[in-house]
There are 2 protein chains.
Amino acid sequence: MSLIVQKFGGSSVRDAQRIKNVAGIIAETYLEGNDVIVVLSAQGDTTDDLIEKAQEINPKASRREMDMLLSTGEQISVALCAMALESMGLPCVSLAAWQVGIKTTGAHSQARIRKIDSERIRSELDQKRIVLVTGFQGINRQGDVTTLGRGGSDTSAVALAAAFHADLCQIYTDVDGVYTTDPRLVPNARKLDEITYDEMLELASLGAQVLHNRSVELAKKYHINMEVVSSLERKPGTKIKEVVKMEKTSIAGVAKDTSIATIALKGLEHAPGVAFQVFNMLSKNGINVDIILQSFGNVDDAKEISFTVSRKDLDDAVKLLTENRQQLRFKELETDDKIGKVSIVGAGLLSNHGMAAKMFEALYNAGINIQMINTSEIKLSVLVHEDDVNKAVKAVHARFFDE
Amino acid sequence: MSLIVQKFGGSSVRDAQRIKNVAGIIAETYLEGNDVIVVLSAQGDTTDDLIEKAQEINPKASRREMDMLLSTGEQISVALCAMALESMGLPCVSLAAWQVGIKTTGAHSQARIRKIDSERIRSELDQKRIVLVTGFQGINRQGDVTTLGRGGSDTSAVALAAAFHADLCQIYTDVDGVYTTDPRLVPNARKLDEITYDEMLELASLGAQVLHNRSVELAKKYHINMEVVSSLERKPGTKIKEVVKMEKTSIAGVAKDTSIATIALKGLEHAPGVAFQVFNMLSKNGINVDIILQSFGNVDDAKEISFTVSRKDLDDAVKLLTENRQQLRFKELETDDKIGKVSIVGAGLLSNHGMAAKMFEALYNAGINIQMINTSEIKLSVLVHEDDVNKAVKAVHARFFDE
């Protein structure tokens, strides 16, 4: 007998038919003899409908009251799903986050889980009940309702899996797993049977959009075996765990990100601490910098720093840097928002030089110019012109998976 | 400075415009320097929509899960109303029943309030915040959500008024007060400035449908000054309190009830305890009996008992009595569901014999036959043929109020 946490997203519970389908999956797991904790999101468009109601009344409503409003969505889902299980004659109980005791920090709309009380759920599991818990929400020290922000329900599921030492945390979505790249772009993208936490983190942050990083980070920290699986088709999904098959030689996948822009600071004085000053200032203003390239110019020891920021931060970053031009001592600032990032992700990538060569070769053969390169332990990213991004993904994916 | 509890029903908060209107009323009360606790019902059709969602999934859903589902409705209302107050720059906080600590018995869908914790609300009031509380709901000893059944939000409001020793509990509805009779039937029905708890109880139980009896009983028990007032028009409503103006000489109102039926047991043995046996049996089976008429027949000391039951209970009552005919020793059972009850209600009615005479005279002049009569301290009821009910209300109302 195992303890399994199953999380279903909004589209998986969007109407009565989908809820009955979800109840079927839960029932199957329960009837195999497992203890089951279910985490649900709000139904399909419920959250949007509630936001619209709020907008009509007060477009600048406080986050506290928005959390109070939005948290009803998941409560509706768990109650309805419990009713579906009741109709199948299965013992179950729905619990809101405040009943479970999901304690969070106080930051409304972006709270973080501090701890989860175990008494209530443990007692229900001991009575062989299926426990349905509202995802995405918790309560803070004041006893007020908080919500967890993007990816919140996945995080709730992993946190519950950690608190109850679950054997498996299944994330049910409307895709059937994690793919080697976006299947809409590359039709013969392959579903991965398994992937490491770190690979998943890189893929998610690069735009794979299957799981939010917070949940994967938490799963890594507490060694929770996760599985991304389809709520619509009964077939194996993708397992996310510490270590995958030792014989694995290829990469996990190819990801792209076109939501970035580059900033180049030219004619910088070649003095110690200049780079630190630039990035410290950006960081203090909430602007994250990703790939950084530093080059020495030929004249007067002037140098150049280029880096990428999120496209939505570009205007803020330019304004900030320009205002502090005197202090930062650069001559020119250039930006480029017609770029994109293509990355290969795989555990042990850095120690396998063949991988990088393979990628560069594929891009060269496709006639794609590389503007910048960045590497980490498990990721190799290149910046290319925006128009070349899809072509690059196809070429690199084909080189790694079709040969 | 006073503490005022204001309760707004579902139609008063049914859309953004109505919620803004409600916020205006609350703001006015608050800005006059009062502490304000607001109790809200679910918006307009929300409860019906949620019930429909449940029906689609499981028409026999448990009451526990129904309560979990339905209690989201009031939470949406309080959050939205708080947002409306925020947009007016007023300090406020919405609280669900579990946050307040509205402790109830465990009976789902028909729970009763046991106690209300005072800490959280007191602390919010001390910070000069308007407190918005979900009506209709509480939590039981297990920490599960319960709902209070019909008239639940009114009961929540009065219970809060009692717990915080409020100076006034205002019930805002879409009518502007309590009338001497149904204004749809008698266009010149008058709005009462004030009425006693007991009169209100009789009027409500006789179908005036402004306030549920539970809330009035609670108000009477804790000496809470209530007021029924319109949320749409700014004008005085009807005050409900212990004692009203001493000089009052007329009745409070005329009520009708056409949801009843009579049962007559004929040829009963004239033995002690027969009536007790009949009514005890009905009571044990959840069937309430109202007006009772007992008459001695002429033959063999046989007697007859007639009484009224709710029309919805008629079939059950007949079945029960027929099955126990041997034990109860009656010969015949007759029923009549073509009857109605017309009543006048007024404090001190019984000690003022002129009132009864006035009523009988009005009915006699209108050519209406009286089938049974029943009196209590503050009520005089007659049973008449169903077709005569409206005519009787008009005649009696005219006799008391138009002359």
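Predicted, not measured: the structure shown is a model, and the values here were computed from it.

About the criteria used
Residues numbered from 1 in each chain as written. Chains lettered and ligands numbered in written order. Predicted model: local features only at pLDDT ≥ 70, side-chain atom pairs only at ≥ 80, totals over all residues. Heavy atoms only, no water. Least-squares fit on C-alpha atoms with pLDDT ≥ 70 in both. Contact = heavy atoms within 4.5 Å. Core = buried A, V, L, I, M, F, W, Y, C linked by side-chain atoms within 4.5 Å. Buried < 20%, exposed > 50% of the residue type's maximum accessible area, 1.4 Å probe, protein only. Axes fitted to C-alpha atoms, helices over the stretch in contact; angles between N-to-C directions. Helix = DSSP H or I, 4+ residues; strand = E, 2+ residues; numbered from the N terminus. Parallel < 35°, antiparallel > 145°, perpendicular 65-115°, else oblique. Left-handed = near helix turned anticlockwise from the far one by under 90°. Nonpolar A, V, L, I, M, F, W, Y, C, P; charged D, E, K, R; others polar. Polar contact = N/O pair within 3.5 Å; in protein donor to acceptor, adjacent residues only side chain to side chain. Pairing = 2+ DSSP bridges. Buried area = accessible area lost by both parts, 1.4 Å probe. Salt bridge = Lys/Arg side-chain N within 4 Å of Asp/Glu carboxyl O. Expected span 1.5 Å × (residues − 1). Patch = residues over 30% accessible without salt bridge, like charges linked within 9 Å, V, L, I, M, F, W, Y side chains within 5 Å. Areas by Shrake-Rupley, 256 points an atom, 1.4 Å probe, with all protein chains shown as cover. Lys, Arg positive; Asp, Glu negative; His and termini not counted. Charge placed at Lys NZ, Arg CZ, Asp CG, Glu CD. pLDDT = per-residue confidence, 0-100.

**Student:** Help me understand the relation of the copies chain B and chain A in this model?
**Tutor:** Each copy of the chain is related to the other by a rotation around an axis and a translation along that axis. In the superposition of chain B on chain A (RMSD 0.1 Å, axial shift 0.1 Å), the rotation amounts to 180°. Expressed as a symmetry operation, the mapping of one chain copy onto the other fits a two-fold axis. Within chain B, threonine 72 of chain B has its C-alpha nearest the rotation axis, a separation of 2.7 Å. Taken as a fraction of all interface residues of chain B, those also at the interface in chain A reach 100%, which identifies the copy contact as same-surface.

**Student:** Quick question: what am I supposed to make of the nonpolar core here?
**Tutor:** When a protein is soluble and globular, its nonpolar side chains tend to lie buried together. Among the nonpolar cores identified, the biggest contains 80 residues, and Ile26 and Leu132 of chain A together with Ile26 and Leu132 of chain B are the most heavily contacted of them. Residues in contact with leucine 132 of chain A, not counting those within four places in the same chain, are Ile26, Val38, Leu40, Val78, Cys81, Ala82, Leu85, Cys92, Val93, Ser94 and Leu95 of chain A.

**Student:** What am I meant to see in the packing of helix H2 (residues 46-57) of chain A against helix H4 (residues 72-87) of chain B here?
**Tutor:** Any two packed helices are characterised by the angle at which their axes cross and by the distance between the axes. Packing of H2 of chain A against H4 of chain B brings their axes to within 9 Å, and their N-to-C directions diverge by 30°. Classified by the interaxial angle, the pair formed by H2 of chain A and H4 of chain B is roughly parallel. Considering the relative orientation of H2 of chain A and H4 of chain B, their crossing is right-handed. For the pair H2 of chain A and H4 of chain B, contact is made by Leu50, Lys53, Ala54 and Ile57 of chain A and by Ile76, Leu80, Met83, Ala84 and Ser87 of chain B, respectively. Residues of the contact of H2 of chain A with H4 of chain B, tallied by class, amount to 7 nonpolar, 1 polar and 1 charged.

**Student:** How should the side chain of arginine 64 of chain A be read in this particular structure?
**Tutor:** You can see arginine 64 of chain A is positioned in helix H3 (residues 63-87). Taking the relative accessible area as the measure of exposure, arginine 64 of chain A reaches 12% and is therefore buried. Of the polar contacts made by the side chain of arginine 64 of chain A, one reaches the side chain of glutamate 65 of chain A; its length is 3.0 Å. Discounting residues that sit within four places of it in the chain, arginine 64 of chain A has contacts with His108 and Asp144 of chain A together with Val93, Ser94, Leu95, Gln99 and Arg120 of chain B.

**Student:** I tried to follow the pairing of strand S19 (residues 372-376) of chain B on my own but got confused; where do I start?
**Tutor:** The side chains of a regular strand alternate between the sheet's two faces. All names here are of chain B. Direction of pairing for S19 relative to strand S20 (residues 379-385): antiparallel, over a ladder of 5 bridges. Opposite serine 376, over in S20, you have lysine 379 as the bridge partner. Hairpin connection from S19 to S20: 2 residues lie between these consecutive antiparallel strands.

**Student:** Explain unusual backbone geometry to me, please; I cannot follow it from the model alone.
**Tutor:** Residues other than glycine predominantly adopt negative phi, and peptide bonds predominantly adopt the trans conformation. For phenylalanine 136 of chain A, which is not glycine, the phi dihedral falls at a positive 75°. Considering the arrangement of structural elements, one finds phenylalanine 136 of chain A in the loop between strand S6 (130-134) and strand S7 (137-139). Given the relative accessible area of 16%, phenylalanine 136 of chain A is considered buried. Of note in this structure, arginine 329 of chain B is not a glycine but carries a positive phi near 55°. Checked against the element boundaries, arginine 329 of chain B lands in the loop between helix H12 (325-328) and strand S17 (332-336). Arginine 329 of chain B gets classed as partly exposed once you look at its relative accessible area, which sits at 38%.

**Student:** When you look at the interface of chain B and chain A in this model, what are you seeing that I'm missing?
**Tutor:** Often, the extent of an interface is quoted as the loss of accessible area upon association of its parts. Listed as interface residues are 42 residues of chain B and, on the opposing side, 42 residues of chain A. Together chain B and chain A conceal approximately 3,400 Å² of surface at their shared face, both sides included; 60% is due to carbon and sulfur atoms. The largest share of the area that chain B buries against chain A comes from Ile57, Met83 and Trp98 of chain B, three residues that together contribute 21% of it. Between chain B and chain A we count 2 salt bridges in total. In this structure, aspartate 144 of chain A engages arginine 120 of chain B in a salt bridge whose closest nitrogen and oxygen atoms are separated by 2.7 Å.

**Student:** Even after reading the chapter, I still don't get the sheet that holds strand S1 (residues 3-8) of chain B, so can you show me in this structure?
**Tutor:** Strand pairing in a sheet relies on backbone hydrogen bonds, with the paired strands running either antiparallel or parallel. All names here are of chain B. The 8 strands lie next to each other as S3-S6-S2-S1-S9-S11-S12-S10, forming an open sheet whose pairing is mixed. In this open sheet, the two edge strands, each paired with only one partner strand, are strand S3 (92-95) and strand S10 (194-196). Within the sheet, the average angular offset between the axes of one strand and its neighbour, ignoring direction, is 20°.

**Student:** I would appreciate a short explanation of helix H1 (residues 16-31) of chain A in the present structure.
**Tutor:** Residues that lie three or four places apart on an α-helix share one face, since the helix turns once every 3.6 residues. End to end, H1 of chain A covers 22 Å across 16 residues, agreeing with the expected 22 Å (1.5 Å per residue, within 8%). Packing partners of the buried residues in H1 of chain A comprise strand S1 (3-8), strand S2 (35-40), H3, S6 and strand S9 (168-173) of chain A together with helix H2 (46-57) of chain B. A side-chain oxygen of the first residue of H1 of chain A lies 3.2 Å from the backbone nitrogen of glutamine 17 of chain A; this N-cap is aspartate 15 of chain A. Just downstream of H1 of chain A, glycine 33 of chain A is the residue with a positive phi angle, here 100°.

**Student:** Explanation requested: the packing of H3 of chain A against H4 of chain B in the structure shown.
**Tutor:** Running from N to C, H3 of chain A and H4 of chain B point in directions that differ by 160°, and their axes come no closer than 8 Å. In this view, H3 of chain A runs roughly antiparallel relative to H4 of chain B, as classed from their interaxial angle. Both H3 of chain A and H4 of chain B take part in a crossing whose hand is left-handed. In this structure, H3 of chain A uses Glu65, Met66, Met68, Leu69, Ser71, Thr72, Gln75 and Ile76 of chain A to contact H4 of chain B, whose residues at the interface are Thr72, Gln75, Ile76, Val78, Ala79, Leu80, Ala82, Met83 and Glu86 of chain B. The residue makeup of the contact of H3 of chain A with H4 of chain B, split by class, is 10 nonpolar, 5 polar and 2 charged.

**Student:** Help me out: how do you make sense of the environment of serine 118 of chain A in this one?
**Tutor:** Tracing the sequence through the fold places serine 118 of chain A in the loop between strand S5 (113-116) and helix H5 (119-126). Between the C-alpha atom of serine 118 of chain A and that of lysine 358 of chain A, which follows or precedes it by 240 residues, the distance is 50 Å.

**Student:** Could you clarify how one ought to interpret a negative patch on the surface in this entry?
**Tutor:** Taken together, the side chains of Asp45, Asp48, Asp49, Glu52 and Glu56 of chain A present a region of like negative charge at the surface. By relative accessible area, which is 53% here, glutamate 52 of chain A ends up exposed.

**Student:** What is the right way to look at the sheet that holds strand S3 (residues 92-95) of chain A in this model?
**Tutor:** All names here are of chain A. Spatially, the 8 strands line up as an open sheet ordered S3-S6-S2-S1-S9-S11-S12-S10, and their pairing is mixed. The sheet is open, and its two edges are formed by S3 and strand S10 (194-196), each paired on a single side. Each adjacent strand pair in this sheet contributes to an overall mean axis angle of 20°, direction not counted. In this structure, S2 lies alongside S6, joined through 4 bridges in parallel fashion. Note on S6: the bridge partner recorded for valine 39 is valine 133.

**Student:** What should I look at first to understand the environment of isoleucine 195 of chain A in this one?
**Tutor:** With respect to the secondary-structure elements, isoleucine 195 of chain A resides in strand S10. Measuring from C-alpha to C-alpha, the distance between isoleucine 195 of chain A and valine 39 of chain A comes to 23 Å, with 156 residues separating the pair along the chain.

**Student:** When you look at the confidence of the model for chain A in this model, what are you seeing that I'm missing?
**Tutor:** If pLDDT is low for a region, its predicted coordinates should not be looked at in detail. Mean pLDDT over chain A works out to 90, with 94% of the residues at or above the 70 mark. In the predicted assembly, ipTM is 0.82 and pTM is 0.84.

**Student:** Please explain the pattern of salt bridges as it appears in this structure.
**Tutor:** Think of it this way: side chains of opposite charge can pair up when their charged atoms draw near. For the structure on display, the rule yields 48 salt bridges over all chains. Across the pair arginine 120 of chain A and glutamate 124 of chain A runs a salt bridge, and its minimum N-O distance is 2.9 Å. Of this pair, arginine 120 of chain A and glutamate 124 of chain A are both found in helix H5, 4 residues apart, which corresponds to roughly one turn of the helix. A salt bridge links glutamate 323 of chain B to lysine 319 of chain B; its shortest N-O distance comes to 3.3 Å. Of the two residues, glutamate 323 of chain B and lysine 319 of chain B both sit in helix H11 (residues 314-323), 4 residues apart, roughly one turn of that helix. Among the charged side chains, a network of salt bridges with common partners joins Arg64, Glu65 and Asp144 of chain A together with Arg120, Glu124 and Arg129 of chain B.

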